[in-house]
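Summary of structural features
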Amino acid sequence: MFGMGMPEIAVIMVLALLLFGPEKLPELAKQAAGFVRTVRKMADNAKNDLSRELGEDFSDLDLRSLDPREIVRRNILDDDTTPAAVRETRILRPGESAPFDPEAT
């Protein structure tokens, strides 16, 4: 979680126990859980509002595909997710016409 292993989490727990004491620690844990729950609910509401405002045209929109890290991963780091028809390139012979897609024009 967040790039932390068990030793780091244990150190944080011991420090929290020393700073706040065993009496206040359960109350602080409840407050932290409530905060996380509230933030998660706000994020879900924002996502639902965005989907509702964009309408049905964007119902299949994958928000993860707009993440810059995902774009780099997909385009630069050679994740081979492009269709075979796109990857396949061929030099045309003299006199040969280029492929034509009537729906593209």
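Fair warning: this is a prediction, and the values are worked out from it, not measured in the lab.

Turning our eyes to something else, we now look at the overall build of the protein. Within the protein, the regular secondary structure consists of three helices and zero strands. Going residue by residue from the N terminus, the α and β elements of the protein occur as α-α-α. Here the protein holds 105 residues, and the buried ones make up 1% of them. Element-wise, carbon and sulfur atoms account for 61% of the exposed surface of the protein, whose accessible area totals about 10,100 Å².

What follows is about helix α1 (residues 6-54). The terminal C-alpha atoms of α1, which comprises 49 residues, lie only 42 Å apart, well short of the 72 Å expected from a rise of 1.5 Å per residue. Its maximal kink placed at Gly-21, α1 deviates by approximately 105°, while the proline Pro-22 follows within four residues. Just beyond α1, the residue with positive phi is Gly-55, at close to 85°.

On to the pattern of salt bridges, then. Within this structure, the stated rule accounts for two salt bridges. Between Asp-49 and Arg-52 there is a salt bridge, with its nearest N and O atoms 3.0 Å apart. Residue Asp-49 and its partner Arg-52 are located together in helix α1, separated by three residues, close to a single helical turn. With a relative accessible area of 57%, Arg-52 lands in the exposed category. Notably, a salt bridge pairs Arg-69 with Asp-67, separated by 3.2 Å at the nearest N-O pair.

When pLDDT is averaged along the protein, the result is 80, and 85% of the positions lie at 70 or above. The element-level mean pLDDT for the protein is lowest in helix α3 (residues 84-87), coming to 54, with α1 highest at 88.

Reading guide: rules and limits
- Residues numbered from 1 in each chain as written.
- Predicted model: local features only at pLDDT ≥ 70, side-chain atom pairs only at ≥ 80, totals over all residues.
- Heavy atoms only, no water.
- Helix = DSSP H or I, 4+ residues; strand = E, 2+ residues; numbered from the N terminus.
- Buried < 20%, exposed > 50% of the residue type's maximum accessible area, 1.4 Å probe, protein only.
- Areas by Shrake-Rupley, 256 points an atom, 1.4 Å probe, with all protein chains shown as cover.
- Expected span 1.5 Å × (residues − 1).
- Bend = angle between axes of the 7 residues up to and from the residue.
- Salt bridge = Lys/Arg side-chain N within 4 Å of Asp/Glu carboxyl O.
- pLDDT = per-residue confidence, 0-100.

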